[in-house]
Amino acid sequence: MKHSVKMTINGQTQSHEVEPRLLLVHYIRETVGLTGTHVGCDTSQCGACTILMNGQAVKSCTVFAVQADGAKITTIEGLAKNGDLHPIQQGFWEKHGLQCGFCTPGLMITAVDFLERNASPSDAEIRHAIEGNLCRCTGYHNIVNAIRAASAEMGQAASAQSKIAAEVKR
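A short tour of the structure in this document, coming up. Quick caveat: nothing in here was measured; it's all calculated off a predicted structure.

## Section: the side chain of Thr74
- Along the polypeptide, Thr74 turns up in strand β5 (residues 72-74).
- Residue classification places Thr74 among the buried positions, given a relative accessible area of 17%.

## Overview of unusual backbone geometry
- In this model, Asn10 sits at a positive phi of 55 degrees, which is unusual for a non-glycine residue.
- Along the chain, the position of Asn10 falls in the loop between β1 (3-9) and β2 (12-18).
- With a phi close to 65 degrees, Ser44 is a non-glycine residue in the positive phi region.
- Along the chain, Ser44 falls in the loop between α1 (24-31) and β3 (50-53).

## A word on the side chain of Thr75
- In this fold, Thr75 is placed in the loop between β5 and α2 (87-94).
- A residue is classified by how much of its surface remains accessible, and Thr75, at 0% relative accessible area, is buried.
- There is a polar contact of 2.6 Å between the side chain of Thr75 and the side chain of Glu77.
- Setting aside its immediate chain neighbours within four residues, Thr75 contacts Ile9, Asn10, Ile28, Leu34, Thr37, Ile51 and Ile109.

## Observations regarding α2
- Buried within α2 we find Ile88, Gln89, Gly91 and Phe92. Around the axis of α2, the buried residues are gathered within 160 degrees of arc, so they sit on the same side.
- Trailing α2 by a residue or two, His96 shows a phi angle of about 55 degrees, which is positive.

Definitions and cut-offs
- Residues numbered from 1 in each chain as written.
- Predicted model: local features only at pLDDT ≥ 70, side-chain atom pairs only at ≥ 80, totals over all residues.
- Heavy atoms only, no water.
- Helix = DSSP H or I, 4+ residues; strand = E, 2+ residues; numbered from the N terminus.
- Buried < 20%, exposed > 50% of the residue type's maximum accessible area, 1.4 Å probe, protein only.
- Polar contact = N/O pair within 3.5 Å; in protein donor to acceptor, adjacent residues only side chain to side chain.
- Contact = heavy atoms within 4.5 Å.
- Arc of directions from axis to C-beta.

Remember, this is a structural readout, not a statement about activity or role.
In structure tokens form, the structure reads like this:
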């Protein structure tokens, strides 16, 4: 028996009939056609399938699509806005935070969630935040550099926004 699900993915409303046992990662990739979210281990060990669900990083291989009914989902495809890379994407690009790229979408999404909660983290805090994401190609050094660079960029953007808001109030 199929169930109807409706959710917003990267700002677009998605509505489909799905099997109750369909994992969210497969819904995103196969039904919606957004293949940036990767299937790595199917056991929530690697983090390649990490997405934002209602603003929190979630491993989408641990959630059924029916459990995400009504949710707001952001995948790696939803980070860039108007052709401009998100600071985390820019950081990974500039600091060479990837090699094969398989783990990269999950790491980026995890970092976005983390930086929303900790705007100016230490390297140790960054390393702790990404512990649930496995990368088999790098030593994580450039990934940490990329997240640190994104943190600085996001901090500068927030500061500029505050200055603009203060000017508007005058």
